Amino acid sequence: INTKTYGALICNCNDLLIEDVEVDVGNILTPNNCDSIHILGPCERVTLQNCKLRSEDNVIAINADDIGHGPYGTFGDIVTVRIKGINVNNYDGGQGILLLSGNHAIKDVIIEDISGEASYLLNLSTFGFGPGHYEDINVKQTSLKWLSIVGTYLGYIMINGDRKSTRLNSSHNH
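Just so it is clear, the structure is predicted and the values come from calculations on it, not from any experiment. (Residues numbered from 1 in each chain as written. Predicted model: local features only at pLDDT ≥ 70, side-chain atom pairs only at ≥ 80, totals over all residues. Heavy atoms only, no water.)

1. What to know about the side chain of Asp-65
Piece 1. Tracing the chain through its elements places Asp-65 in the loop between strand S4 (58–63) and strand S5 (78–89).
Piece 2. Here Asn-103 takes part through its backbone nitrogen, which lies 2.9 Å from a polar atom of the side chain of Asp-65.
Piece 3. In this structure the side chain of Asp-65 is engaged in a polar contact, spanning 2.6 Å, whose partner is the side chain of His-104.
Piece 4. The residues contacting Asp-65, other than those within four sequence positions of it, are Phe-75, Leu-100, Ser-101, Gly-102, Asn-103, His-104 and Phe-129. (Helix = DSSP H or I, 4+ residues; strand = E, 2+ residues; numbered from the N terminus. Polar contact = N/O pair within 3.5 Å; in protein donor to acceptor, adjacent residues only side chain to side chain. Contact = heavy atoms within 4.5 Å.)

Right under this line is the structure:
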């Protein structure tokens, strides 16, 4: 795609299925976001599966609270998300999956069978938009090569904000 911002910006959705899609936003980190797939709440029943994603920013960003999207910007709870069979082939410094919660909740998320390379697998962040609310976040059967960034340690999984029932099963950091 080689975009200047997102490969896809999706807002306020229910029963969303993204399957067998390949997105490469190009090797251009600009002041704007360059996420492969950027989803803004409120959303229910979101599935992303069997995709190949490449970015210098997040390959998948699930945002209950985010700013700067003009008339398209929405906020709200995100419930029941399934992310499975994603191959991440990022540029140096490219990131994995972002779950951003400030004042709205992100609940019932299963992330499994993630492979490839990124600077981190999962970031649960508030970006200072509120206390953050996460519930039932599950990571299973992942094998992602960690890309180190010179002078920076981001970590394989980063968590801040209020969380309940976060589970990590059979993940392998290379």
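2. Comments concerning the pairing of strand S6 (residues 95–100)
Piece 1. When you tally the buried positions in S6, you get 6 out of 6 residues, the bulk of the element.
Piece 2. When S4 meets S6, the two strands line up parallel, connected through 5 bridges. Each bridged residue has a counterpart across the sheet, and for Ala-61 the counterpart in S6 is Leu-98. (Buried < 20%, exposed > 50% of the residue type's maximum accessible area, 1.4 Å probe, protein only. Pairing = 2+ DSSP bridges.)

3. A short note on the pattern of salt bridges
Piece 1. Overall, the coordinates contain 3 salt bridges when judged by the stated rule.
Piece 2. The salt bridge partner of Arg-45 is Asp-15, with a shortest N-O separation of 2.5 Å. In this pair, Arg-45 sits in strand S3 (residues 37–54) while Asp-15 sits in strand S1 (residues 8–19), placing the two residues 30 residues apart along the sequence.
Piece 3. Residue classification places Arg-45 among the partly exposed residues on the basis of a relative accessible area of 37%.
Piece 4. Residue Asp-15 is classed as exposed on the basis of its relative accessible area of 55%.
Piece 5. In this structure, a network of salt bridges that share partners links the residues Asp-15, Glu-44 and Arg-45. (Salt bridge = Lys/Arg side-chain N within 4 Å of Asp/Glu carboxyl O.)

4. Describing the nonpolar core
Piece 1. Ranked by internal contacts, the top residues of the largest apolar core, which has 37 residues, are Ile-39 and Leu-99.
Piece 2. Among the elements of the structure, S1, S3, S4, S5, S6, strand S7 (105–118), strand S8 (122–125) and strand S9 (133–146) are those that each provide at least two residues to this core.
Piece 3. For this core, the element with the most residues is S3, which contributes 7 residues.
Piece 4. Setting aside anything within four residues of it in sequence, one finds Ile-39 in contact with Ile-10, Cys-13, Leu-16, Val-46, Leu-48, Ala-61, Ile-62 and Asn-63. (Core = buried A, V, L, I, M, F, W, Y, C linked by side-chain atoms within 4.5 Å.)

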